[in-house]
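Take a look at the letters that make up each chain.
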Amino acid sequence: MSLLSTTSLVKQFGGLTAVDEVSFEVDRGETRAVIGPNGAGKSTLINCITGMLEPTRGTVEFDGEDITGVEPHDAVQRGLSKSFQTASIFPEMSVEENVEIAALAAEHGSFQLNFLRKRESFDEVHRISERMLDAVELLDQRDHEAASLPYGDKRRLEIAIALASEPEMLFMDEPTAGMSPGETHATVELIEELQDDLELTILIVEHDMEVIFRIADRILVLNRGRVIADATPEEVQGDPEVQEAYLGGVEL
Ligand SMILES: Nc1ncnc2c1ncn2[C@@H]1O[C@H](COP(=O)(O)OP(=O)(O)O)[C@@H](O)[C@H]1O
Ligand SMILES: [Mg+2]
């Protein structure tokens, strides 16, 4: 059974239909890529699933429950987490504090309900932070001020912050944008480790086709808000409609 599914999801901004009747499924443990030209509706689709935007119509189901239109915090509690670009880092705090704050925020509900478990929860927060910093290979830099990290490390810290809620499913919107080839390569290796070590289900929007073909199990191709392909990387590669819409006929 699929972990995530959308059914006829629609998001309109005034007269513009940014996401147009999108239905697709993501299986547990799968890495699903979403591709398409600029303005195709990729970010809007992610935002409608993770609670940043309220869909105009249609439904989102996660782990057998209808989560259409839930608040972002509720989506996190249910096991969905989105990695933001550097905006969510507190620059003057340490690398580790940044991840601990995110882990605390994810636990917030249980803190209030069960005051006596507080100490235990802090230990737990610390344990989770170390594990996630280890996963993104930032454990050695844990005491560094976040602002002092090089760009690629900041992006990895973003991923650790997103992992701090111990999500079942991680959403990444163009994680390699602005990265050097070396940083992109390191990010691909990191994603492969997340696939293997944490057995995460991943939805990634990415424009770098080399990255996509290396990590994706299936690809959803959007064009003007509509699904034009939902297939394996090999099938997408040979699909003339995809090549026409997305690549302007350029061979992949
Ligand atoms: N908050 C918004 N208000 C109005 N229009 C928006 C908003 N967000 C996105 N759009 C429009 O929706 C369409 C899809 O945008 P987006 O999801 O960002 O595309 P992508 O991520 O594929 O580049 C675009 O035409 C964009 O201009
Ligand atoms: Mg986008």
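In this text the structure is predicted, and so the values were computed from the model without any measurement. (Residues numbered from 1 in each chain as written. Chains lettered and ligands numbered in written order. Predicted model: local features only at pLDDT ≥ 70, side-chain atom pairs only at ≥ 80, totals over all residues. Heavy atoms only, no water.)

Trainee: Can you help me understand empty space enclosed by the protein in this one?
Mentor: The gaps of empty space that remain are located by a probe, the size of a water molecule, rolled over the atoms. Inspection of every chain in the model, using the stated rule, returns 1 cavity of 30 Å³ or more. Along its surface, the largest cavity is lined by Ser83, Phe84, Arg155, Glu158, Ile159, Met172, Asp173, Pro175, Met179 and Thr187. Going through the elements one at a time, helix H5 (151–163) and strand S7 (169–173) are the ones with two or more residues in the lining of the largest cavity. Per element, the largest residue contribution to the lining of the largest cavity is 3 residues, and it comes from H5. Residue classes in the lining of the largest cavity are distributed as 5 nonpolar, 2 polar and 3 charged. A domain split of the lining of the largest cavity shows at least three residues from each of domain 1 (1–79 + 168–252) and domain 2 (85–166). (1 Å grid on protein atoms, 1.4 Å probe; cavity = no way out; pocket = protein on both sides within 12 Å on 5 of 7 lines; lining within 4 Å. Points joined across faces, edges and corners; volume = space filled by probe spheres on them. Helix = DSSP H or I, 4+ residues; strand = E, 2+ residues; numbered from the N terminus. Nonpolar A, V, L, I, M, F, W, Y, C, P; charged D, E, K, R; others polar. Domains from an automatic or database assignment.)

Trainee: What exactly am I supposed to notice about the pattern of salt bridges here?
Mentor: A side chain with one charge may pair with a side chain of the opposite charge, provided their charged atoms come close. Taken as a whole and assessed by the stated rule, the structure comprises 13 salt bridges. A salt bridge links Arg28 to Asp63, with the nearest nitrogen and oxygen atoms 2.9 Å apart. In this pair, Arg28 sits in the loop between strand S2 (16–27) and strand S3 (31–35) while Asp63 sits in the loop between strand S4 (57–62) and strand S5 (65–66), placing the two residues 35 residues apart along the sequence. Its salt-bridge partner being Arg142, residue Glu130 comes within 2.6 Å of it at the nearest N-O pair. Residue Glu130 is located in helix H4 (residues 118–135), and its partner Arg142 is located in the loop between H4 and H5; the two are separated by 12 residues in the primary sequence. (Salt bridge = Lys/Arg side-chain N within 4 Å of Asp/Glu carboxyl O.)

Trainee: It is not clear to me how the environment of Glu124 should be interpreted in this structure. Could you clarify?
Mentor: By the secondary structure assignment, Glu124 is in helix H4. Taking the relative accessible area as the measure of exposure, Glu124 reaches 27% and is therefore partly exposed. Taking the C-alpha atoms as reference points, Glu124 and Val19, 105 residues apart in sequence, are found 39 Å from one another. Sequence-distant contacts of Glu124, that is, excluding residues within four places in its chain, are made with Glu107 and Glu166. Among the polar contacts made by the side chain of Glu124, one reaches the side chain of Arg127 at a distance of 2.9 Å. (Buried < 20%, exposed > 50% of the residue type's maximum accessible area, 1.4 Å probe, protein only. Contact = heavy atoms within 4.5 Å. Polar contact = N/O pair within 3.5 Å; in protein donor to acceptor, adjacent residues only side chain to side chain.)

Trainee: Would you take a moment to explain the pairing of S3 for this structure?
Mentor: In summary, the side chains of a regular strand alternate between the two faces of the sheet. The element S3 is extensively covered by neighbouring structure, given that 5 of its 5 residues are classed as buried. By the alternation rule, side chains of S3 split into Thr31, Ala33 and Ile35 and Arg32 and Val34, which are all buried. Note: S3 against strand S8 (residues 201–205), 4 bridges, orientation parallel. Each bridged residue has a counterpart across the sheet, and for Ala33 the counterpart in S8 is Ile204. Summarising the sheet, S3 and strand S9 (residues 218–223) pair through 4 bridges and their orientation is parallel. Note that in S9 the partner of Ile35 across the bridge is Val221. (Pairing = 2+ DSSP bridges.)

Trainee: So what exactly am I meant to see when it comes to helix H1 (residues 42–49) here?
Mentor: An α-helical segment advances 3.6 residues per turn. Residues three or four places apart therefore align on the same side. Within H1, 7 of the 8 residues are buried, leaving the element largely enclosed by the surrounding structure. Buried within H1 we find Lys42, Thr44, Leu45, Ile46, Asn47, Cys48 and Ile49.

Trainee: Could you clarify how one ought to interpret the site of ligand 1 in this entry?
Mentor: Taken together, Phe13, Leu16, Ala18, Pro37, Asn38, Gly39, Ala40, Gly41, Lys42, Ser43 and Thr44 make up the full set of residues near ligand 1. Here an oxygen atom of ligand 1 sits 2.8 Å away from a polar atom, N or O, in the main chain of Gly39. Contacts to ligand 1 include Ala40, whose backbone N or O atom sits 3.1 Å from an oxygen atom. Contact with the protein chains covers 57% of the free accessible surface of ligand 1, which is 560 Å². Looking at the shell around ligand 1, the elements with two or more residues in it are S2 and H1. Sorting elements by how many residues they give to the shell around ligand 1 places H1 first, with 3 residues. Its residues assigned to classes, the shell around ligand 1 shows 5 nonpolar, 5 polar and 1 charged. (Near = heavy atom within 4 Å. Areas by Shrake-Rupley, 256 points an atom, 1.4 Å probe, with all protein chains shown as cover.)

Trainee: Teacher, can you tell me more about the packing of H5 against helix H6 (residues 181–197) here?
Mentor: Angle between the axes and distance between the axes: these two values describe a pair of packed helices. At a closest axis distance of 10 Å, the pairing of H5 and H6 adopts a crossing angle of 20°. Taken together, the axes of H5 and H6 lie roughly parallel to each other. Pair H5 / H6 crosses with right-handed handedness. Between H5 and H6, the contacting residues are Tyr151, Gly152, Arg156, Ile159 and Leu163 on the first element and Glu183, Ala186, Leu190 and Leu194 on the second. Along the lines of polarity and charge, the residues of the contact of H5 with H6 split into 6 nonpolar, 1 polar and 2 charged. (Axes fitted to C-alpha atoms, helices over the stretch in contact; angles between N-to-C directions. Parallel < 35°, antiparallel > 145°, perpendicular 65-115°, else oblique. Left-handed = near helix turned anticlockwise from the far one by under 90°.)

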